[in-house]
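One-letter residues, chain by chain:
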Amino acid sequence: MASPSELATERSHSKPLGIRFWEYIKKAKLSYKSHQAVVLIVTFFAYSTYHATRKTTSIVKSALDPQSSAAGLKFPWRITYLSSPAETQRRSWVLGDGWAPFNGSDGTALLGQLDVAFLAVYAIGMYFSGHLGDRMNLRIFLTVGMIGTGLFTSLFGVGYWANIHSFYYFLIVQMIAGLFQSSGWPSVVAVVGNWFGKKKRGLIMGIWNAHTSIGNITGSLIASTLLSYGWGWSFVVPGLLIAFMGILVCLLLPVSPESVGADRQEEEDEAVDSPKKKREGVAEPLLGSHTEMKEIAVGFIEAWRIPGVAPFAFCLFFAKLVAYTFLYWLPYYIGHTAIEGKYLSDETAGNLSTFFDVGGVLGGILAGHISDRLDARAITAATFMYCAIPALYFYRSYGHISFAMNIALMFICGMFVNGPYALITTAVSADLGTHSSLNGNSKALATVTAIIDGTGSVGAAIGPLLTGYISANSWSAVFMMLMAAALVAGLLLTRLVVAEVAARISETRSQGRSQSRSQEPELNV
């Protein structure tokens, strides 16, 4: 067994270089709270850049395919664009001309196929990423994922300057980008879960999860602003941004308290009164590393058997189907729907779509706070999904009346659609990754997160794909599909909702009985 000095030396070498430099300047160790602040800030901006790169495609869609397609998806994988006519392969691109192969009669279909290819690889990669994340240094794993994402996002944009018109080039680049993107979510949730206990986890992660919407908004604004200079810039700039952020992650992100020798006793005031937490806090320098070595990463099948994982995973399948249909198609829908009798430009449609994400920020915070107060994750998630149904109906039916009406209804849709999505992918995943059935083993966080979000990502791939088919005939049918998905998402949590309601009733009755007993002596007197 290693001596305390050897353990301390090993732990100092595992500290990120930026943390070591900070402590050198400060001439003192960072407190537990300081480490928590670093974790929240770094992971917030890290995942914001993931979504900024992901959002770009939806903004550029209308520039690549300026005409609404009525052809549907008749030929799924075209090969005719490997040698497009010379007149369509001009370098002097002008906004509104479109870009071969996406400016043909089946351009909408091809763009939908890019979405589904990206998301399908992302979903499959998620399962493997969670498995690897629990077995690797999450800081290095996340850094590689971010730099790889930046590289292949930029390569998509390079197609503009290289005058590339091969559909397969864009397809392959998107698929590899999806694979690298799958490293992000299991990693950041696992790191945050390592540093924050269950108390107020819903609220903390609800606020923290605003990175999703902030990233979407940032990506929308960057892509829309740069679109007039050439659509390639709309990919390259977000790609460089996430690569730079990946370097900061490598320099600053502490993966867990044990990896940097932080004292868990500082986490909460009540830790002093808890024998278990006090023991962890006092003995951590001696036992922290040894305990970590004893933990064995939970297997894929074993993680599925954790109570609550399967229902929430399948609920997220449908919730993410709705959310990602908006993510990838909302700017296109706005640009092809007359509002006050006028059609908006690509840039204006992209900017207007950000109100959906603004509503999502509020929805995520509300869902987290409410679920903390009620101690009822399933009830909160199901209620939000049911409320999303009328919100979607009203947006489709009345969103075209005026800009103000469109913005208000879009904001409400974002709140109810992204609220449960944010709750399930953050607080619920962290709760289940540290479930009591694991007996304190923390080596399940990334795997459980990957299972839940990976299953959700399958829905995220199917939603945009179906939209590519259905929207060619009717956008009303698309919204019917989204409302049906929201209903199913809520119904899948029924058993957990009933269990939480029963638990609340039982708790209320026991409190009533205890109050009655406390009042009995006074009544006898």
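Here, every reference points to the structure presented above.
First, a word on scope: everything that follows refers to the structure included in this document. Fair warning: this is a prediction, and the values are worked out from it, not measured in the lab.

1. Considerations on a nonpolar patch on the surface
- Residues Tyr393, Phe394, Tyr398, Ile401 and Met405 make up a contiguous nonpolar surface patch of about 460 Å² in total accessible area.
- No other element matches the 3 residues that helix H17 (residues 377-398) contributes to the nonpolar patch.

2. Section: the nonpolar core
- Core analysis: the largest hydrophobic core is formed by 126 residues, its most contacted members being Trp231, Ile334 and Tyr395.
- Counting residues per element, this core draws most heavily on helix H14 (residues 309-335), at 18 residues.

3. Concerning the packing of aromatic side chains
- Counted by the stated rule, this structure contains 35 aromatic pairs.
- Centroid distance Trp99 to Tyr160: 5.8 Å. Interplanar angle 45°. Geometry classified as tilted. Of this pair, Trp99 sits in the loop between helix H3 (32-64) and helix H4 (107-133) while Tyr160 is found in helix H5 (residues 138-161), placing the two residues 61 residues apart along the sequence. You'll find Trp99 and Tyr160 in the same group, each marked buried.
- Ring geometry for Trp185 and Trp208: centres 5.8 Å apart, planes at 20°, overall stacked. Here Trp185 is found in helix H7 (residues 184-195), whereas its partner Trp208 is found in helix H8 (residues 201-208), with 23 residues between them in sequence. Note on accessibility: Trp185 and Trp208 belong to one class, buried.
- Members of the aromatic cluster, connected to one another through ring pairs, are Trp99, Phe102, Phe156, Tyr160, Trp161, Phe167, Tyr168, Tyr169, Phe170, Trp231, Trp233 and Phe235.
- One cation-aromatic arrangement involves Lys27 over Tyr24; the distance from NZ or CZ to the ring centre is 5.4 Å.
- In this arrangement the basic side chain of Lys61 is found over the ring face of Trp329, its NZ or CZ atom lying 4.2 Å from the centre.

4. Regarding the pattern of salt bridges
- Taken as a whole, this structure holds 4 salt bridges when the rule is applied.
- For Asp115, the salt bridge is made with Lys61, and the minimal N-O distance between the two is 2.5 Å. Within this pair, whereas Asp115 is found in helix H4, its partner Lys61 is found in helix H3, the two being separated by 54 residues in sequence. Just as Asp115 is buried, Lys61 falls in that class too.

Analysis parameters
- Residues numbered from 1 in each chain as written.
- Predicted model: local features only at pLDDT ≥ 70, side-chain atom pairs only at ≥ 80, totals over all residues.
- Heavy atoms only, no water.
- Patch = residues over 30% accessible without salt bridge, like charges linked within 9 Å, V, L, I, M, F, W, Y side chains within 5 Å.
- Areas by Shrake-Rupley, 256 points an atom, 1.4 Å probe, with all protein chains shown as cover.
- Salt bridge = Lys/Arg side-chain N within 4 Å of Asp/Glu carboxyl O.
- Helix = DSSP H or I, 4+ residues; strand = E, 2+ residues; numbered from the N terminus.
- Core = buried A, V, L, I, M, F, W, Y, C linked by side-chain atoms within 4.5 Å.
- Buried < 20%, exposed > 50% of the residue type's maximum accessible area, 1.4 Å probe, protein only.
- Phe/Tyr/Trp six-rings, centres within 6.5 Å; stacked < 30°, edge-to-face > 60°.
- Lys NZ or Arg CZ within 6 Å of the ring centre and 35° of its normal.

Function-wise, these values are silent; they only describe arrangement.
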